[in-house]
Amino acid sequence: MKRLLLTGAAGAMGRAMRSRLAGLAETLRLSDIADPGAPGLDEEVRICDLADAAAVMDLVEGCDGIVHLGGISVEDSFSKIMQANLLGLYNLYEAARAHGRPRILFASSNHAIGYYPQSRRLKGDEPFRPDGLYGVSKAFGESLARMYYEKFGQESALVRIGSCTPQPSDRRMLSSWLSYDDFAGLAACVFRAPRLECPVIWGASANDAGWWDNAASAYLGWRPKDNAEAWRAEIEAAGPRPSPDAAVARYQGGVFTENPIIQGD
Ligand code: NAI
Ligand code: 15L
């Protein structure tokens, strides 16, 4: 690719992806509502609010691919989620439609299906069971992406990320963890595959205790390499096993299932 757009570039994953995605394109266009820092060699920085349709239209122009990490990443008020995750995503897809339909890797979340019990093995074609307004916004995002695929042929990878952090830090993450390197490897497969279409992909490393089945997207050739099991002893030594009735042990979305609806702006 000539130019890859990375939204959410000032966030936790965005900062980790900056160097890891550099090899995918001649130029990396880094964008966020917050400042991602000065551009390095072969980088451009564009401060942009996803809720600003005209700014997003300019942002996407000239890009051959988009890794969309920007937006509200935890439970929050409907007003904030609406601006960044609903309106922001619509603006992004409209801009992509106007500018040659670059492939989009959409950072969806396990919280779109968070109310499934941890005993269930999911394939990706089951009904959504969002565990809060944040999860609902990811279900909206997947549906929006799917509609742009059916109507306009816009290809997207709907990556339901588990827990993408430097290392797993609790028992739930023995199942849900996705390493930064594995996410970057997935992005490479998404942009290099001859055929993408619009698959749901479970964003988890090769965890022995994993919950999710990626057979339906195997044609992309992504083979995650890391495994949260390497941290099991450390995690188990750090504290007692939670009660099986506790949300963190019961639901795939863990404690998000206990979040209240956050009022206000
Ligand atoms: P983060 O909260 O650290 O980064 C999100 C970035 O989006 C922030 O830098 C923020 O300034 C930016 N942003 C928020 N509103 C914006 C707006 N209106 N316009 C432009 N930029 C805006 O989140 P993180 O952990 O880096 O996650 C990245 C993406 O992956 C998010 O979409 C999140 O929902 C998704 N995800 C992350 C998981 C994880 O474990 N880190 C798990 C599942 C999904
Ligand atoms: C997410 O969707 C969040 O963005 C992240 O902060 C974590 O809470 C993650 O899910 C998780 O479920 O561990």
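Whatever comes next refers back to the structure up there.
The following paragraphs examine the structure supplied in this document. (Residues numbered from 1 in each chain as written. Chains lettered and ligands numbered in written order. Predicted model: local features only at pLDDT ≥ 70, side-chain atom pairs only at ≥ 80, totals over all residues. Heavy atoms only, no water.)

### As for the overall build of the chain
When its secondary structure is counted, the chain shows eight helices and nine strands. Taken against the 2.2 N^0.38 rule, which gives 18 Å for 265 residues, the C-alpha radius of gyration of the chain at 18 Å falls within 12% of a compact globule. Projecting the C-alpha coordinates of the chain onto the three principal axes gives extents of approximately 50 × 40 × 35 Å. Counting all 265 residues of the chain, 51% fall into the buried class. The contacts of the chain with a sequence gap of at least 6 include a subset with a gap of at least 24, amounting to 66%. (Helix = DSSP H or I, 4+ residues; strand = E, 2+ residues; numbered from the N terminus. Rg over C-alpha atoms; globule rule 2.2 N^0.38 Å. Buried < 20%, exposed > 50% of the residue type's maximum accessible area, 1.4 Å probe, protein only. Contact = heavy atoms within 4.5 Å.)

### Concerning the site of ligand 2
Every residue near ligand 2 is listed here: Ser 73, Val 74, Ser 109, Asn 110, His 111, Tyr 134, Gly 162, Ser 163, Arg 172 and Phe 256. Within the side chain of His 111, a nitrogen or oxygen atom sits 2.7 Å from an oxygen atom of ligand 2. Within the side chain of Tyr 134, one N or O atom sits 2.7 Å away from an oxygen atom of ligand 2. Judged by the fraction of its atoms near the pocket grid, ligand 2 is located in the largest pocket. Partitioning the shell around ligand 2 into residue classes produces three nonpolar, six polar and one charged. (Near = heavy atom within 4 Å. Polar contact = N/O pair within 3.5 Å; in protein donor to acceptor, adjacent residues only side chain to side chain. 1 Å grid on protein atoms, 1.4 Å probe; cavity = no way out; pocket = protein on both sides within 12 Å on 5 of 7 lines; lining within 4 Å. Sits in = over half its atoms within 2 Å of the grid points. Nonpolar A, V, L, I, M, F, W, Y, C, P; charged D, E, K, R; others polar.)

### A few points about the nonpolar core
By size, the foremost hydrophobic cluster in this structure holds 34 residues, and its most contacted members are Met 17, Leu 21, Val 67, Leu 105 and Phe 183. Residue assignment for this core shows that the elements contributing at least two residues are β1 (3-7), α1 (12-20), β2 (27-32), β5 (103-109), β6 (156-161) and α6 (180-192). Sort the elements by how many residues they give to this core and α6 lands first, with nine residues. Every residue in contact with Leu 105, bar those within four places of it in the chain, is listed here: Ile 66, Val 67, His 68, Ala 157, Val 159, Phe 183, Ala 187, Val 190 and Phe 191. Counting 20 residues, the second-largest nonpolar core is a separate cluster that includes Leu 5, Leu 50, Val 56 and Leu 59. (Core = buried A, V, L, I, M, F, W, Y, C linked by side-chain atoms within 4.5 Å.)

### A short note on α6
Taking 1.5 Å per residue, 13 residues should reach 18 Å; α6 reaches 18 Å between its end C-alpha atoms and fits that length. Residues of α6 that are buried: Tyr 180, Asp 182, Phe 183, Ala 184, Leu 186, Ala 187, Ala 188, Cys 189, Val 190 and Phe 191. (Expected span 1.5 Å × (residues − 1).)

### Some details on the environment of Ser 137
Inspection of the secondary structure assignment puts Ser 137 in helix α4 (residues 133-152). Residues Ser 137 and Ile 72 lie 65 residues apart in sequence; the distance between their C-alpha atoms is 9.4 Å.

### A short note on the sheet that holds β1
The sheet built from seven strands is open, its strands ordered β3-β2-β1-β4-β5-β6-β9 with parallel pairing. Strands with a single pairing partner mark the edges of an open sheet, and in this sheet they are β3 (43-47) and β9 (200-203). The mean inter-strand angle of the sheet, taken between neighbouring strand axes irrespective of direction, is 20 degrees. Here four bridges tie β1 to strand β4 (residues 65-68), and the two strands are oriented parallel to one another. Across the sheet, the residue bridging to Leu 6 is Val 67, located in β4. Sitting on the sheet, helix α3 (residues 78-98) touches β4, β5 and β6, and the angle it makes with β5 is about 165 degrees. (Pairing = 2+ DSSP bridges. Axes fitted to C-alpha atoms, helices over the stretch in contact; angles between N-to-C directions.)

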